[in-house]
Amino acid sequence: MTKPSHTPHGAEASPLGRPVAYRDTYAPELLFPIERQLKRDELGLRAGALPFVGEDLWNAYELSWLDPRGKPVVALGEFRVPADTPRLIESKSLKLYLNAFNQQRCASVDEVRALIARDLSAAAGGAVAVRIVPLSARPQRCSSTPQGVCVDELELDITHYQPDPALLSAGGETVSETLYSHLLKSNCLVTGQPDWGMLVVRYRGPAIAREGLLRYVVSFREHNEFHEQCVERVFCDIMARCRPLELAVWARYTRRGGLDINPFRASHAGLRPDEGMEVRQ
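The rules behind these values
Residues numbered from 1 in each chain as written. Predicted model: local features only at pLDDT ≥ 70, side-chain atom pairs only at ≥ 80, totals over all residues. Heavy atoms only, no water. Helix = DSSP H or I, 4+ residues; strand = E, 2+ residues; numbered from the N terminus. Pairing = 2+ DSSP bridges. Contact = heavy atoms within 4.5 Å. Axes fitted to C-alpha atoms, helices over the stretch in contact; angles between N-to-C directions. Expected span 1.5 Å × (residues − 1). Buried < 20%, exposed > 50% of the residue type's maximum accessible area, 1.4 Å probe, protein only. Salt bridge = Lys/Arg side-chain N within 4 Å of Asp/Glu carboxyl O. Core = buried A, V, L, I, M, F, W, Y, C linked by side-chain atoms within 4.5 Å. Parallel < 35°, antiparallel > 145°, perpendicular 65-115°, else oblique. Left-handed = near helix turned anticlockwise from the far one by under 90°. Nonpolar A, V, L, I, M, F, W, Y, C, P; charged D, E, K, R; others polar.

S.K.: Go over unusual backbone geometry with me, naming the residues and quoting the values.
M.R.: The phi torsion at Arg138 lies on the positive side, around 60 degrees, for a residue other than glycine. The residue Arg138 is located in the loop between strand E5 (129–134) and strand E6 (149–150) in this model.

S.K.: Account for the sheet that holds strand E8 (residues 194–208), naming residues and giving values.
M.R.: With mixed pairing, eight strands are arranged side by side in an open sheet as E5-E3-E2-E10-E9-E8-E7-E6. The open sheet has two edge strands, E5 and E6, and neither has a second partner. Across 10 bridges, the pairing between strand E2 (residues 53–66) and strand E3 (residues 72–82) is antiparallel. Across the sheet, Trp65 pairs through a bridge with Val73, a residue of E3. Together, E6, strand E7 (170–187) and E8 form the strand contacts of helix H4 (residues 210–218), whose direction differs from that of E7 by roughly 25 degrees.

S.K.: Residue-level account of helix H3 (residues 109–124), with values.
M.R.: Here H3 contains 16 residues, and its C-alpha end-to-end distance of 22 Å stays within 8% of the 22 Å for a straight helix at 1.5 Å per residue. Along H3, the residues classified as buried are Val112, Leu115, Ile116, Ala117, Asp119, Leu120, Ser121, Ala123 and Ala124. Buried-residue contacts for H3 involve strand E1 (33–35), E2, E3, strand E4 (87–89), helix H2 (91–99) and E5. Looking one or two places after H3, you find Gly125, whose phi comes out positive at around 85 degrees.

S.K.: Residues and numbers for the pattern of salt bridges, please.
M.R.: Where charged atoms from two side chains of opposite charge approach closely, those side chains can pair. One pass over the structure, following the stated rule, counts 20 salt bridges. Glu42 is paired through a salt bridge with Arg233; the nearest N and O atoms lie 3.1 Å apart. Here Glu42 is found in the loop between helix H1 (37–40) and E2, whereas its partner Arg233 is found in helix H5 (residues 227–242), with 191 residues between them in sequence. Judged by its relative accessible area of 41%, Glu42 falls in the partly exposed class. Here Arg233 falls in the buried class, since its relative accessible area comes to 14%. A salt bridge links Glu55 to Arg272, with the nearest nitrogen and oxygen atoms 3.6 Å apart. Of this pair, Glu55 sits in strand E2 while Arg272 sits in the segment after strand E10 (259–266), and the two are 217 residues apart along the sequence. When salt bridges that share partners are traced, they join Arg36, Arg40, Asp56, Glu232 and Arg265 into one network.

S.K.: Could you give an account of the nonpolar core, with specific residues and numbers?
M.R.: Membership of the largest hydrophobic core comes to 31 residues, with the highest contact counts inside it found for Trp65, Phe79, Leu94, Leu98, Ile116 and Leu120. Every element with two or more residues in this core is listed here: E2, E3, H2, H3, E5 and E10. Filtering out sequence-adjacent residues up to four positions away, Phe79 remains in contact with Asp56, Leu57, Trp58, Ala60, Leu94, Leu98, Ile116, Leu120, Val128, Ala129, Val130 and Ile132. One finds Leu45, Tyr216, Val217 and Cys242 within the second-largest nonpolar core, a separate group that totals 29 residues.

S.K.: Describe H5, and please don't skip the residues or the numbers.
M.R.: Taking 1.5 Å as the rise per residue, H5 with 16 residues should run 22 Å; its terminal C-alpha atoms sit 22 Å apart, in good agreement. Among the 16 residues of H5, 13 are classified as buried, and the element is accordingly described as predominantly covered. Just downstream of H5, Arg243 is the residue with a positive phi angle, here 50 degrees.

S.K.: Describe the packing of H2 against H3, and please don't skip the residues or the numbers.
M.R.: How two helices pack is summed up by the angle between their axes together with the distance between the axes. Contact pair H2 / H3: the axes reach a minimum separation of 12 Å and the direction vectors enclose 150 degrees. Considering their axes alone, H2 and H3 lie roughly antiparallel with respect to each other. In this structure, the crossing between H2 and H3 has a hand that is right-handed. Every residue of H3 that contacts H2 at Leu94, Tyr97 and Leu98 is listed here: Leu115, Ile116, Asp119 and Leu120. Split into classes, the residues belonging to the contact of H2 with H3 amount to six nonpolar, no polar and one charged.

Keep in mind these values describe shape, not function.
Right, here's the structure in full:
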């Protein structure tokens, strides 16, 4: 396990990585926001002049509350946090916040949705879209594979396990393609615990060298950074090194603590990620 970073990152006082007493009634004060700009400064990104649009899609699988008669309701939650909000929400604090509904009586699904939307929007500093679907409504979720080329079977030697933009290159005629890898692994910025995921790169521009892209994806293997920050780093490095005409990057991270996080960043609003979840989610 790699050691957590000692560089200031905004999560030093968060509940992540230390014992916390669980609450089981509504407690919005449990949410712990982190300023995005602290890590964006490392990438040379200025507030108000981001080179991307996008969102962080959170899926919540452990959401429950009591109806007015005290009977539990269980549901799936979906939260969409715009990338231009000034703050992200630390994941353990969100888990603790959602678990605080466990013994809370709520009149309806709409009441729960409104409470969560209000609290997440206040924490992020911008409007967060919230969707709550009780399991009694029989929601369906399906996994899918991106319509593109998986680079994981390339035969090559790998020696870099910290992000190195110099591994990336592109050249030749303009192409439009989607490349993806299941080999993404990064580590929690605070605890150093592993985070696993799939990374997808969809672009139009000079052809990206696939061997270099795979080496670059694997280079995150000992890197400590939050999910959202990793995807922004990938986006910025590909833009700088490969100079695509348009670019979309997203990750499908496996769940931890009943949550999965799926950051998406694109060069313009017309680009969208595939909707299907990764098979490990």
